[in-house]
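Working through the structure, step by step
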Amino acid sequence: MSLLKNYNNTIVACYIGYIVQAIVNNFVPLLFITFQNTYNISLDRITLLVTVNFGVQLLVDLLSSKLVDKTGWRTAMIAAHVFAALGLAGLTLLPELFGDAFYGLLLAVIFYAVGGGLLEVCVSPIVEACPTKRKAAAMSLLHSFYCWGSVAVILASSLYFLFRGTGDWKVMALIWAAVPALNCIYFMLVPMPEQEAEAKSGSFKALFGNKIFWLMALLMICAGASEVCIAQWASSFAENGLGVSKVVGDIAGPCAFAFLMGVSRLVFAKLSEKVRLEPMLLVSGVLCAGGYLIIALSPNAVLSLVGCGICGFAVGAMWPGTFSLSAGGIKGGGTMMFAFLALAGDIGCTVGPTLVGFVTDALGGELQKGLSFGIIFPVILCIGLVVFMVINAKNKKKTMLEASLSESPGVKEEKDNDSIQS
């Protein structure tokens, strides 16, 4: 029984849920050097924390769809926030409980990664199921809160470390842990839309037999890769290219990227009722490819950072836009569809920056050239969108032809005769 009756509260709780997701993905990477110095952990083991975070989220995406159908959205969201809060708070305590502090950090990461994976699976279908009219706008606004959360985490944490030093990092971890803890209470009070037949997962066979689903999965892979290729490497690119400090690099790189991505999602939310999704996403793909070209061909680092900013603005509509296209084009996909699309997006988030890293190493550590390899992802996204638009046009033409034939005089007369005989 919910104490708060208005579904606007549910949507606000989901917005905060994506801020929690941003905290989970962005806070610990700011502490890599601190962990290395404090706990004497090698950089390759530190890097493993990122791999485990996204790996666990991928696993949760894969396994949770049917489980969420049984437990219900409210239980899943409460569990997600509990895991996230325990993981973030655990960063301050668990390393001290193990002989090797790395295992304590690893356990904390696993806890909050479970929470992050559940959030990714549940938040979008809950907002989609809430009784609101502007679904695409609500979805884009929802995903913009991940961006604002990323900006808040990077900016607030960087400024805190600048003035207080990284020695007090545990205080900041507890502050961020309070966000999921409080939102967990909020989710206990808000109304939750019912998981009706269309909101629940259909069969694997029906979903996997749908060609549109596989096309949407490809778009999600490209959306995730297009986004994270820049987001993960932007700080290093700013520091190395401009020769600035880490704080300035974080603000000029990933913080600016996340801000522009958030602005893009607000613009997308405003335009969603006036402009069709497909052309907007196609423009986003072209603009993103242009940003990658600027990064690749620019003779100086400042202009390359402008290219990073263009990519940030361009990728904003890709993830929520693909979710909205899928919700409209695949009926009855439900939680399972969102789970597997999130899985596809996370695959892109993992594979994209990894490939950029490999290419950079192969080219002698030239990050600018390595980043230019990322252009393949927005290009493939554009091709996929064109294919989707062609399929849609053929389906509409077929539907109109069938409707026209059903209303033709001969068919109508035959129907009337059948009616009279009956």
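Cut-offs and rules
- Residues numbered from 1 in each chain as written.
- Predicted model: local features only at pLDDT ≥ 70, side-chain atom pairs only at ≥ 80, totals over all residues.
- Heavy atoms only, no water.
- Helix = DSSP H or I, 4+ residues; strand = E, 2+ residues; numbered from the N terminus.
- Buried < 20%, exposed > 50% of the residue type's maximum accessible area, 1.4 Å probe, protein only.
- Contact = heavy atoms within 4.5 Å.
- Areas by Shrake-Rupley, 256 points an atom, 1.4 Å probe, with all protein chains shown as cover.
- Axes fitted to C-alpha atoms, helices over the stretch in contact; angles between N-to-C directions.
- Parallel < 35°, antiparallel > 145°, perpendicular 65-115°, else oblique.
- Left-handed = near helix turned anticlockwise from the far one by under 90°.
- Phe/Tyr/Trp six-rings, centres within 6.5 Å; stacked < 30°, edge-to-face > 60°.
- Lys NZ or Arg CZ within 6 Å of the ring centre and 35° of its normal.
- pLDDT = per-residue confidence, 0-100.
- Nonpolar A, V, L, I, M, F, W, Y, C, P; charged D, E, K, R; others polar.
- Lys, Arg positive; Asp, Glu negative; His and termini not counted.
- Salt bridge = Lys/Arg side-chain N within 4 Å of Asp/Glu carboxyl O.
- Expected span 1.5 Å × (residues − 1).
- Core = buried A, V, L, I, M, F, W, Y, C linked by side-chain atoms within 4.5 Å.
- Disulfide = S-S within 2.5 Å.

Some details on the overall build of the protein chain
Counting its secondary structure elements, the protein chain contains 17 helices and 0 strands. Expressed as a percentage of its 422 residues, the buried residues of the protein chain come to 51%. When contacts within the protein chain are restricted to residue pairs at least 6 apart in sequence, long-range pairs at least 24 apart make up 83% of them. Total accessible area on the protein chain is roughly 18,600 Å²; 68% of this is exposed by carbon and sulfur atoms.

Structural notes on the packing of helix H13 (residues 318–329) against helix H14 (residues 334–362)
Contact geometry for H13 and H14: axes closest at 11 Å, N-to-C directions at 150°. Accordingly, the angle class assigned to the pair H13 and H14 is roughly antiparallel. In this structure, the crossing between H13 and H14 has a hand that is right-handed. Residues Trp-319, Phe-323, Ser-326 and Ala-327 of H13 lie in contact with H14, whose contacting residues are Met-337, Phe-338, Leu-341, Ala-342, Gly-345, Asp-346 and Cys-349.

Observations regarding the packing of aromatic side chains
One pair of aromatic rings is described through two measures. These are the centre distance and the angle between the planes. Overall, the coordinates contain 13 aromatic pairs when judged by the stated rule. Note on Phe-208 and Trp-214: the rings are 5.5 Å apart at their centroids and 45° apart in plane angle, and the pair reads as tilted. Just above the ring of Tyr-103 sits the side chain of Arg-45; from NZ or CZ to the centre is 5.7 Å.

Quick notes on the confidence of the model for the protein chain
Here the protein chain shows a mean pLDDT of 83. Residues at 70 or above account for 88%. Mean pLDDT across the elements of the protein chain ranges from a minimum in helix H17 (residues 409–421), with 52, to a maximum in helix H7 (residues 169–189), with 96.

What to know about the packing of helix H6 (residues 135–164) against H7
Two numbers describe how H6 lies on H7: the axes approach to 10 Å, and their chain directions differ by 150°. The angle between H6 and H7 places the two elements in the roughly antiparallel class. At the point where H6 passes H7, the crossing takes the right-handed sense. Residues Ala-152, Val-153, Ala-156, Ser-157, Tyr-160 and Phe-161 of H6 touch H7, and the partners they reach there are Trp-169, Val-171, Met-172 and Trp-176. Of the residues contributing to the contact of H6 with H7, the split by class is 9 nonpolar, 1 polar and no charged.

A look at the environment of Ala-252
Checked against the element boundaries, Ala-252 lands in helix H10 (residues 246–271). Remark: the alpha-carbon pair of Ala-252 and Gly-309, spanning 57 residues in sequence, is separated by 9.4 Å.

A closer look at the side chain of Glu-120
One can find Glu-120 in helix H5 (residues 101–129). The charged side chain of Glu-120 is buried without a salt bridge, its nearest counter-charge being Arg-265 at 9.5 Å.

Brief notes about the pattern of salt bridges
Scanning the entire structure with this criterion turns up 5 salt bridges. The closest approach of N and O atoms between Glu-96 and Lys-170, which form a salt bridge, is 2.9 Å. In this pair, Glu-96 sits in helix H4 (residues 73–97) while Lys-170 sits in helix H7, placing the two residues 74 residues apart along the sequence. According to the relative accessible area criterion, Glu-96 is partly exposed, its value standing at 46%.

A short note on the environment of Ser-226
Relative to the assigned elements, Ser-226 resides in helix H9 (residues 211–242). Sequence separation of Ser-226 and Val-379 is 153 residues, and the distance between their C-alpha atoms is 9.7 Å. When near neighbours in sequence (up to four residues on either side) are disregarded, Ser-226 contacts Cys-288, Tyr-292, Val-315, Met-318, Phe-377 and Pro-378.

A look at helix H11 (residues 277–297)
Given a rise of 1.5 Å per residue, 21 residues ought to cover 30 Å, and the 30 Å separating the end C-alpha atoms of H11 matches this to within 8%. Restricting attention to buried positions, one finds in H11 the residues Leu-277, Glu-278, Met-280, Leu-281, Ser-284, Gly-285, Cys-288, Ala-289, Gly-291, Tyr-292 and Ile-295.

Here we look at the environment of Gly-291
Following the sequence through the fold, Gly-291 ends up in helix H11. The buried category is assigned to Gly-291, whose relative accessible area is 0%. Aside from chain neighbours lying at most four places away, what touches Gly-291 is Gly-307, Ile-310 and Cys-311.

Observations concerning the nonpolar core
Counting 118 residues, the largest nonpolar core has Phe-27, Phe-35, Leu-91, Met-216 and Ile-230 as the members making the most contacts within it. Of all the elements, H5 adds the most residues to this core, at 16 residues. Beyond its immediate sequence surroundings of up to four residues, Phe-27 is in contact with Ala-22, Leu-88, Leu-91, Val-153, Ser-157, Phe-161, Trp-169, Met-172, Ala-173 and Trp-176.

Side note on the state of the cysteines
Per the counting criterion, the structure on display carries 0 disulfides. Residue Cys-229 stays outside any disulfide, its sulfur separated by 9.0 Å from that of Cys-288, the closest cysteine. Judged by relative accessible area, Cys-229 falls into the buried class, the value being 0%. Not part of a disulfide, Cys-288 finds its nearest cysteine sulfur in Cys-311, a span of 4.3 Å.

A few points about H13
When the terminal C-alpha atoms of H13 are compared, their 16 Å separation across 12 residues agrees well with the 16 Å that a helix rising 1.5 Å per residue should span. Burial of H13 is extensive: 10 of the 12 residues sit out of reach of the surface. Listing the buried residues of H13 in full gives Met-318, Trp-319, Pro-320, Gly-321, Thr-322, Phe-323, Ser-324, Leu-325, Ser-326 and Ala-327.

A word on unusual backbone geometry
Positive phi, normally seen in glycine, also occurs at Asn-40, with a value near 55°. Here Asn-40 lies in the loop between helix H2 (32–39) and helix H3 (43–71). Here Asn-40 falls in the exposed class, since its relative accessible area comes to 71%.

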